[in-house]
Amino acid sequence: MDKKEEIRKILSEALPLVDVDAVPLFPELDSLGITTILMLLSKEYDIDLESEDATPKNLWSLDSIVTLVDRKLSEKE
């Protein structure tokens, strides 16, 4: 399973009422949804996601979330 599919699965299970494939995704999220995404991905990928990362650009779509995770992983190395 590629990273996009992993993230889709994680978010779909945690946020069953949110269409994680929606573009734009950000307007579908409330503060709890945003916090849930940051916490789950931080834990899953052992990266630091802070409130500053919760921008419309970073959470615009599933692809932008994957890009955010990839960027954080590369910064970690």
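Use the structure listed above.
Residues numbered from 1 in each chain as written. Predicted model: local features only at pLDDT ≥ 70, side-chain atom pairs only at ≥ 80, totals over all residues. Heavy atoms only, no water.

### Brief notes about helix α3 (residues 62–76)
Here α3 is 15 residues long and its end C-alpha atoms lie 21 Å apart, about the 21 Å a rise of 1.5 Å per residue gives. Listed as buried for α3 are Leu62, Ser64, Ile65, Val66, Leu68, Val69 and Lys72. Those residues of α3 that are buried lie in contact with α1 (3–14) and α2 (31–45). (Helix = DSSP H or I, 4+ residues; strand = E, 2+ residues; numbered from the N terminus. Expected span 1.5 Å × (residues − 1). Buried < 20%, exposed > 50% of the residue type's maximum accessible area, 1.4 Å probe, protein only. Contact = heavy atoms within 4.5 Å.)

### As for the side chain of Ser42
As for its position among the elements, Ser42 is in helix α2. Here Ser42 falls in the buried class, since its relative accessible area comes to 18%. A polar contact of 3.4 Å, which involves the side chain of Ser42, links it to the backbone nitrogen of Leu49. Here Ser42 is in contact with Ile47, Asp48 and Leu49, once residues within four sequence places are set aside. (Polar contact = N/O pair within 3.5 Å; in protein donor to acceptor, adjacent residues only side chain to side chain.)

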